[in-house]
There are 2 protein chains.
Amino acid sequence: MPRSTRQARHAAAAAHRPVRLQDIADSLGVSMITVSRALSQPHKVSPALRERIVAAADRMGYVPNHSAQALASARSRTVLVQVPSLSNIVFIDLLESVGRVLQTAGYHMLICNTHYRGAGDWERVRNYLKHKPDGLLLTGSHLAEQAATLASSLALPVVFMMAGLDDPVTQAPELAEFVGFSQVQAGRAMTEHLLAQGHRRIAFVGAQLDVRVLQRHQGYLQAMAQAGAEPLEIMDERPSSMAMGASLLTRLRQRHADCTAVFFCNDDLALGALSQCHALGVRVPHDMAVAGFNDLPAAAFAVPTLTSVHTPRARVGERAAQRLLRLMDGEAPLAQPVHDLGFELRVRASA
Amino acid sequence: MPRSTRQARHAAAAAHRPVRLQDIADSLGVSMITVSRALSQPHKVSPALRERIVAAADRMGYVPNHSAQALASARSRTVLVQVPSLSNIVFIDLLESVGRVLQTAGYHMLICNTHYRGAGDWERVRNYLKHKPDGLLLTGSHLAEQAATLASSLALPVVFMMAGLDDPVTQAPELAEFVGFSQVQAGRAMTEHLLAQGHRRIAFVGAQLDVRVLQRHQGYLQAMAQAGAEPLEIMDERPSSMAMGASLLTRLRQRHADCTAVFFCNDDLALGALSQCHALGVRVPHDMAVAGFNDLPAAAFAVPTLTSVHTPRARVGERAAQRLLRLMDGEAPLAQPVHDLGFELRVRASA
DNA sequence: CTGAAAGCGCTAACAC
DNA sequence: GTGTTAGCGCTTTCAG
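Everything in this summary refers to the structure shown in the same document. (Residues numbered from 1 in each chain as written. Chains lettered and ligands numbered in written order. Predicted model: local features only at pLDDT ≥ 70, side-chain atom pairs only at ≥ 80, totals over all residues. Heavy atoms only, no water.)

Remarks on the packing of helix α2 (residues 21-28) of chain A against helix α4 (residues 47-60) of chain A
Residues and elements named next belong to chain A. At a closest axis distance of 10 Å, the pairing of α2 and α4 adopts a crossing angle of 120 degrees. As far as their axial angle goes, α4 and α2 are oblique. For the element pair α2 and α4, the recorded crossing hand is right-handed. Contacts between α2 and α4 involve Asp23, Ile24, Ser27 and Leu28 on the former and, on the latter, Arg52, Ile53, Ala56, Ala57 and Met60. Among the residues forming the contact of α2 with α4, the class breakdown is 6 nonpolar, 1 polar and 2 charged. (Axes fitted to C-alpha atoms, helices over the stretch in contact; angles between N-to-C directions. Helix = DSSP H or I, 4+ residues; strand = E, 2+ residues; numbered from the N terminus. Parallel < 35°, antiparallel > 145°, perpendicular 65-115°, else oblique. Left-handed = near helix turned anticlockwise from the far one by under 90°. Contact = heavy atoms within 4.5 Å. Nonpolar A, V, L, I, M, F, W, Y, C, P; charged D, E, K, R; others polar.)

Encoded structure:
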């Protein structure tokens, strides 16, 4: 930092130095610790004094110093929440509900966006550990192994969201639980729905091939195999988007002209495809049935309305946060640490 | 905390106590401060020693304690970012780009979701000040006044996002800048476009009436007044959504049957309305022209494609973060502290 | 280039 | 119910 800056900063600080506990204590002629208690453990201070202290703190504009609190108490009241992306509404809903629960409990949320880096995810998460979170909320079981080494050595509770239902995680941390639903079963259920409609030439189209997409794909394969139908797939690693859905639909029509139904790994792709069908004059579902996954708000308003799998994102976040709060409170993990919140097929006009 | 819990925690901590600078120093027979410097100001330590220290830190699994760093250095390397909602993609895009810039610069982001509380927003923000952020990124000028008192007394730099272009903020903090575009002008431009198409009976439909929506409405009113057209409005305080758009469209048709064009305050409403038009057999744009605002990805894929105003959200976040970094670095605010990043009309099929 | 001393603001533990 | 003492892990002086 340049010299002049430091001086300026110092001058400002000197002019308006933040109020500390000691300042309040001095102004009232009591000890600092009493002020501390009055503010954070009110029942330990006599009502009369407590009131005077709270009033003084208010008047003087006291703002606690979180770093000092965390350092002295060895509790940061902070939870590290990892998500692979902010562009996917699934994770936004997760963050929203997690945030609500944690906020109510007086915890703050540190968000780590790993940008779908896959293998590099852990490095990102690691970078946030310096904040000494009291607990971890992770999406995706691919972090389980590393989290295990870390969390068990630090005795840090972890809850995995949207994971652990399909691949019973062997390397999981001791203080861990899992909240989600079975992506495999969900993929399977949708495929079975399409089969039940009489379709045999059913394609699976995936993009942004992360763990969850591959699991849905597995479910698709299982259902197709069981029905003795030949799988038709288009898998593209590039990020998912409506534009991508439109272009994949075109590719699908070229590559598998006889295909009568398509199961997209998410609604963004499906919605883009729906739009492309309209543009190409492909009638949905008459010429081609289209299904998605996640049940975005837009699915029910598409033309035609989109058949999809509704996933309990908000409830996953809520439950995960609630469980983590208990674990951070010292409770032992449940004997059955896997919470299956299920999913629902939403059959609409497109398939 | 129950007694047993505390003991368990303590036992675990004793077993695997986190590595401190002192531990590394001891293992190498140097002083703690040298280790500190080797890790955070490498140029101040001889290359040979530095290398040994870094290796040891790595081997021992050292993780710095952010609270201790912040407390000792009086810099938290944390930025408080306030958004009114996570359900609105506008703010997600903002967070995404802000996050990218800050992460690169080694800052962490503390997200404060104020849930469109309006007047209560400041209380929420206040609650995060205990983390002693080095800077503030706020959305909405309604926080300017309170931020001014606070920030100037704390010498905290602030950048306002999506604000300050319409209502020259008088009470702004000294160390403040503004990044956004004129919502009023944007609302006006869209209305003028509809007027230019020959429409006279143009309605404005708003929901979730926050500052920005009201500003767009102002622009609409200005354009209508200038054209000598009578304004038709439906304003609903409830949260915005596609479902709400559908129901507001119905209400509009009932209340103003002769209306030929409608300007929705955002794309969510407009997309829901488009769907409802389809359901009601209202041909767009023939029977009714429909326009939105924000240019969501879905706008270009709607049927028919949706005319909207494209807003530079990602660029706003990026610029705001960049400017805040400079301010936190001690630079003086620009003489012209208002950054107008403009907007673009995206004329498509619906209007 | 390296080190010693002091202290950031707060809370845990133990008095009284 | 209130106070005293000590220390959390690190960085900032200021010395050499």
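Focus on the pattern of salt bridges
Residues and elements named next belong to chain A. Counted by the stated rule, this structure contains 31 salt bridges over all chains. The salt bridge involving Arg251 is made with Asp236; its shortest N-O contact spans 2.8 Å. Of this pair, Arg251 sits in helix α11 (residues 242-255) while Asp236 sits in strand β7 (residues 232-236), placing them 15 residues apart in sequence. Salt bridges linked by common partners bring Asp295, Glu344, Arg346 and Arg348 together as one network. (Salt bridge = Lys/Arg side-chain N within 4 Å of Asp/Glu carboxyl O.)

Brief notes about helix α3 (residues 32-40) of chain B
Residues and elements named next belong to chain B. Looking only at α3, the buried set comprises Thr34, Val35 and Ala38. Down the axis of α3, the smallest arc covering the buried residues is 100 degrees, so these residues share one side. Residues of α3 that are buried make contact with α2 (21-28) and α4 (47-60). (Buried < 20%, exposed > 50% of the residue type's maximum accessible area, 1.4 Å probe, protein only. Arc of directions from axis to C-beta.)

Some thoughts on the relation of the copies chain A and chain B
Of the transformation superimposing chain A on chain B, the axial component is 0.1 Å and the angular component is 180 degrees, with the fit at an RMSD of 0.1 Å. Both chain copies can therefore be described as sitting about a two-fold axis. Measuring from the rotation axis to each C-alpha of chain A, the shortest distance belongs to A:Ser67, at 2.2 Å. A share of 100% of interface residues in chain A that are also interface residues in chain B marks the association as one of identical surfaces. (Least-squares fit on C-alpha atoms with pLDDT ≥ 70 in both.)

A few points about the sheet that holds strand β5 (residues 176-180) of chain B
All names here are of chain B. One open sheet holds the 6 strands; their spatial order is β2-β1-β3-β4-β5-β11, and the pairing between them is parallel. Only two strands of the sheet have a single neighbouring strand rather than two, namely β2 (108-113) and β11 (338-340). Neighbour-to-neighbour, the strand axes of this sheet turn through a mean angle of 15 degrees, independent of strand direction. As paired strands, strand β1 (residues 78-83) and β2 are joined by 6 bridges and run parallel to one another. Paired with Val81 across the strands is Ile111, a residue of β2. (Pairing = 2+ DSSP bridges.)

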